[in-house]
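# Examination of the molecular architecture
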Amino acid sequence: MPIQRDDALAWIKAYAKVIEEQRSYLTDLDSAIGDADHGVNMDRGFKAVIGKLPEVSDKDIGTIFKTVGMTLLSTVGGAGGPLYGTLFLQAGMKTAGKMELSLSDWTEALEAALSGIVMRGKAQVGDKTMVDALTPAVDTLKDALRTNQPLNKALEMSAEAAQKGMEATIPLVARKGRASYLGERSAGHQDPGATSSHLLLKTAALTWKDVS
Amino acid sequence: MKKLINKPENVVREELEGIELAHFDLVKVHYDPNFVVRADAPVKGKVGLVSGGGSGHEPMHGGFVGLGMLDAACPGAVFTSPTPDQMLEATKAVNGGKGVLHIVKNYTGDIMNFEMAAEMAGGEKIEVASVVIDDDVAVKDSLYTAGRRGVGSTVLAEKLCGAAAEQKRSLKEVVDVCNKVKNMGRSMGMALTSCTVPHAGKPTFDLPEDQMEIGIGIHGEPGRTRMPLKSADEIVEMLMEPIISDIPYKSGDEVLLFVNGMGGTPLIELYIVYRKACEIAKKHGLKVVRRLIGPYITSLEMAGTSITMLKMDSDMIKLWDAPVNTPGMRWGV
């Protein structure tokens, strides 16, 4: 079965839990090259999302994603708020009215999310941002779609690609966001935004491991 | 962590409640979404001025709301940009029919949130202009960074634009004043200690007893270089040199010299800094015609200072001297 509405809800709830567990880790990563608030901000945002979900849990996946996006936009703040807000708003527009998602639906949604993020944040691959984790994940999904991979396998591959992209941010010198003020000193640290993005896709692959 | 707080998650809310109780004659506080607004807003026929940013920089921005300065300020969580819904509601609350200016500090989060708010306000037929302040010479302005950070000049922009708006100048004219500050103001800061974000619970970075950080930002983000501690005079030279060489100041130029405290440095030390900064300015033939000394754009309890120099013309001097009545700055009233 493709990804059902309840699967989508389960993914968001699972991610909120992951963020709560990884709050200190994300904030520590941000302390090294940013301003020590990424974990705390994401946790505040996803706690608010959990409070909002009951209102839309009988709606289509698009409405659920859009509600997540609007809630993040008004509660996270910093750079993470507009960027993760945009991710879910864009994905929500692509999945409007849908009660289930195929590999093609999910690929389109994540691709739209990534273009929205690139437009809002103006970052490119290699700038040491969340774009470095999301771009290879989207590319991998597109390949999987072309080669007719099963949905759960494609999700697993995209999470692995996001992990590689995240790890690849370690040696990079930041060119966007607060880490860019550090210049060369930002090298040697993993980007917190790429890390939370990898966790998002890893949680999707784990939550949706039985879809097809 | 040793702080005079109740719970980290209540810091901003309880601070706003305190501001509301203390300054009810000047401002009103709106909750959910949070913003501080002039008690008499919207002032009809006047350009509305809105700024905002993370909390932890007090008195900026909430302390600068009132006659002759901001109409509204949006506080985010500590060191975190506020959100578009706050900015939109603040913009609507101060719209007196002549448009609204957003004064934005150049940080990725602030820029994106204010952009989204301006788009939303446009959808509600409110004319919004934005000026991004990016005066920190410690950051190289290039395609390869987020650009210079907005620091001390923001305080000066809020004062001068506030005075211009109070004279009922048009949105375009107020934007012109803001751009003058943006183009003619330069800053550089340093830290003697780190600071602790309440919900992080530990210092943002470690700075050993005998070291200092040069080129620090206002969020406890590490600066450009770390080096052994030097004397006040030597430190001031290291801050003034990049500022003076950045704008081609001519001998005889009139400037405003702003020595800012980062939150944990006492006035006694800021005056020692001012003394040397003034001497260096004079050596370059610059006339210090106005000055501001004190903690105005802080970084929680960080010890350190930043110096801002703004080239002034006669209009800017008049705007600086114009009456201002806010919790954090008050004269001429």
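Fair warning: this is a prediction, and the values are worked out from it, not measured in the lab. (Residues numbered from 1 in each chain as written. Chains lettered and ligands numbered in written order. Predicted model: local features only at pLDDT ≥ 70, side-chain atom pairs only at ≥ 80, totals over all residues.)

## Focus: the nonpolar core
Residue and element names in this part refer to chain B.
- Within the largest apolar cluster, 167 residues are counted, with the highest numbers of intra-cluster contacts made by Ala 72, Leu 101, Leu 160, Cys 161 and Cys 178.
- No fewer than three residues from each of domain 1 (11–184 + 321–331) and domain 2 (185–319) sit in this core.
- The residues touching Cys 161, leaving out its near neighbours within four places in the chain, are Leu 49, Leu 101, Ile 103, Val 174, Val 177 and Cys 178. (Core = buried A, V, L, I, M, F, W, Y, C linked by C-beta atoms within 7 Å. Buried ≥ 20, exposed ≤ 12 C-beta atoms within 10 Å, placed from the backbone. Domains from an automatic or database assignment. Contact = placed C-beta atoms within 7 Å.)

## Details of the interface of chain B and chain A
- On the side of chain A, 26 residues touch chain B, which itself brings 29 residues to the contact.
- Looking at which element gives the most residues to the side of chain B that touches chain A, the answer is helix H3 (residues 108–123) of chain B, with five residues.
- Taken together, the residues of the side of chain B that touches chain A break down into 13 nonpolar, 13 polar and three charged. (Helix = DSSP H or I, 4+ residues; strand = E, 2+ residues; numbered from the N terminus. Nonpolar A, V, L, I, M, F, W, Y, C, P; charged D, E, K, R; others polar.)

## Section: helix H2 (residues 84–94) of chain B
- Along H2(B), nine of the eleven residues are buried, which leaves the element largely enclosed by surrounding structure.
- For H2(B), the set of buried residues is Pro84(B), Asp85(B), Gln86(B), Met87(B), Leu88(B), Glu89(B), Ala90(B), Thr91(B) and Val94(B).

## Notes on the environment of Arg169(B)
Residue and element names in this part refer to chain B.
- By secondary structure assignment, the location of Arg 169 is in the loop between helix H4 (153–166) and helix H5 (171–184).
- Owing to 19 C-beta atoms within 10 Å, Arg 169 belongs among the partly exposed residues under this scheme.
- Every residue in contact with Arg 169, bar those within four places of it in the chain, is listed here: Val 47, Ala 164 and Val 174.

## Focus: the sheet that holds strand E8 (residues 211–214) of chain B
All names here are of chain B.
- Read across the sheet, six strands follow the order E9-E8-E7-E12-E10-E11 without closing on themselves; strand pairing throughout is mixed. Whereas interior strands pair on both sides, the edge strands pair on one side only; in this sheet they are strand E9 (225–228) and strand E11 (287–294). Going across the sheet, the axis of each strand differs from the next one's by a mean of 20 degrees, ignoring polarity. (Pairing = 2+ DSSP bridges. Axes fitted to C-alpha atoms, helices over the stretch in contact; angles between N-to-C directions.)

## Some details on the domain arrangement of chain B
All names here are of chain B.
- By the assigned domains, chain B splits into domain 1 (11–184 + 321–331) and domain 2 (185–319).
- Taking only C-alpha atoms into account, the centre of domain 1 sits 22 Å from that of domain 2.
- Of all elements in the fold, only H4 and H5 reach the threshold of two or more residues within the side of domain 1 that touches domain 2.
- Across the side of domain 1 that touches domain 2, the residue classes break down as 17 nonpolar, seven polar and seven charged.

## Points about the environment of Gly332(B)
Residues and elements named next belong to chain B.
- Tracing the backbone shows Gly 332 in the segment after strand E14 (330–331).
- Gly 332 gets classed as exposed once you count the C-beta atoms within 10 Å, which come to 11.
- Along the primary structure Gly 332 and Ala 322 are separated by ten residues, whereas in three dimensions their C-alpha atoms are 6.6 Å apart.
- Aside from chain neighbours lying at most four places away, what touches Gly 332 is Asp 321, Ala 322, Pro 323 and Val 324.

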